[in-house]
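Chain and residue survey
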Amino acid sequence: MKSIKIPSLITSVVQNAFSGLEGMEFTLLDSCPHCGGEIRYHDNRKKRFATIIADGKKKIINVLVTRYYCKACGRLCYAMSPFYPNTKFGSPVIDLCMTLARVHPFNHSARILQEMGVVVDRGTIRNFFSRDIPEVSYAKIYDLPIPLSIFYLSDLSSKRRQSRLVTQEDVLRVCGFPAGKKPAQE
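The present account deals with the structure reproduced in this document. (Residues numbered from 1 in each chain as written. Predicted model: local features only at pLDDT ≥ 70, side-chain atom pairs only at ≥ 80, totals over all residues. Heavy atoms only, no water.)

**Let's talk about the overall build of the protein**
Counting secondary structure elements, the protein contains 6 helices and 6 strands. Scanning the protein from its N terminus toward the C terminus, one meets helices and strands in the order α-β-β-β-β-α-α-α-β-β-α-α. Radius of gyration (C-alpha) of the protein: 17 Å, near the 16 Å computed for a compact globule of 186 residues. Along the three orthogonal principal directions, the C-alpha set of the protein runs to about 60 × 40 × 30 Å. By residue count, 48% of the 186 residues in the protein fall in the buried class. Contacts in the protein between residues far apart in sequence, at least 24 positions, make up 69% of those at least 6 positions apart. With the model as given, the accessible surface of the protein reaches about 9800 Å², and the carbon-plus-sulfur share is 48%. Each charge class in the protein can be summarised by its mean position, and for the 27 positive and 16 negative side chains these summaries are 5 Å apart. (Helix = DSSP H or I, 4+ residues; strand = E, 2+ residues; numbered from the N terminus. Rg over C-alpha atoms; globule rule 2.2 N^0.38 Å. Buried < 20%, exposed > 50% of the residue type's maximum accessible area, 1.4 Å probe, protein only. Contact = heavy atoms within 4.5 Å. Areas by Shrake-Rupley, 256 points an atom, 1.4 Å probe, with all protein chains shown as cover. Lys, Arg positive; Asp, Glu negative; His and termini not counted. Charge placed at Lys NZ, Arg CZ, Asp CG, Glu CD.)

Listed below in structure tokens is the structure:
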């Protein structure tokens, strides 16, 4: 199998973007997205945002997403978070998979991701194509399409590591989820 060489700059940006969200909490939700009813806190859920290879070992990057209970309709609702509906990876991970797979076969895209230190198999990438996931803006860096959300998220992650305030609204905005737009529920 022919080796794929990914420039270290791209790998660093991607790894920084994902790892910088470790432990971030998402709590924003004003009302029930189903009926508009009043909500109350229910619990927090740990959700896998990404799986990366760091120091030769798999590392799961988790975020916390608050769930609320609707007093009117009785449904559980998730706070706004950077996840597409019914997916188990953060939206920037899926954006990266999709932009690569639009120009490379699924198996080659999975190998490129592996060289970047991102763990997503070809079957999962293929499954993303059966979902209603929007195309995103990207830049070609070293002839690889990298979603702009990755660059923006990497910048926010660097600020967060420097103990500068990074809000959940900032993360949602750079991931393409405008404030106030309610995500579909899981």
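Now that the structure has been shown, we can carry on.
**A word on the side chain of S91**
Within the fold, S91 resides in helix 2 (residues 91–101). A residue is classified by how much of its surface remains accessible, and S91, at 0% relative accessible area, is buried. Excluding its chain neighbours within four sequence positions, the residues that come into contact with S91 are F49, P82, F83, Y84, C175 and F177.

**Here's the deal with the packing of helix 2 against helix 5 (residues 148–161)**
The axes of two packed helices give the description: the angle between them and the distance between them. Helix 5 packs onto helix 2 with a crossing angle of 145 degrees between their chain directions and a minimal axis gap of 9 Å. Along this stretch, helix 2 crosses helix 5, giving a crossing that reads as left-handed. Within the contact between the two elements, helix 2 uses P92, D95 and L96 and helix 5 uses S149, I150 and L153. Classifying every residue of the contact of helix 2 with helix 5 gives 4 nonpolar, 1 polar and 1 charged. (Axes fitted to C-alpha atoms, helices over the stretch in contact; angles between N-to-C directions. Left-handed = near helix turned anticlockwise from the far one by under 90°. Nonpolar A, V, L, I, M, F, W, Y, C, P; charged D, E, K, R; others polar.)

**A short note on the layout of surface pockets**
There is about 200 Å³ of room inside the second largest pocket. Taken together, K47, R48, F83, N86, T87, K88, F89, T124, N127, F128 and R131 make up the full set of residues lining the second largest pocket. Of the residues forming the lining of the second largest pocket, the biggest block, 3 residues, is contributed by helix 4 (residues 122–128). Of the residues contributing to the lining of the second largest pocket, the split by class is 3 nonpolar, 4 polar and 4 charged. (1 Å grid on protein atoms, 1.4 Å probe; cavity = no way out; pocket = protein on both sides within 12 Å on 5 of 7 lines; lining within 4 Å. Points joined across faces, edges and corners; volume = space filled by probe spheres on them.)

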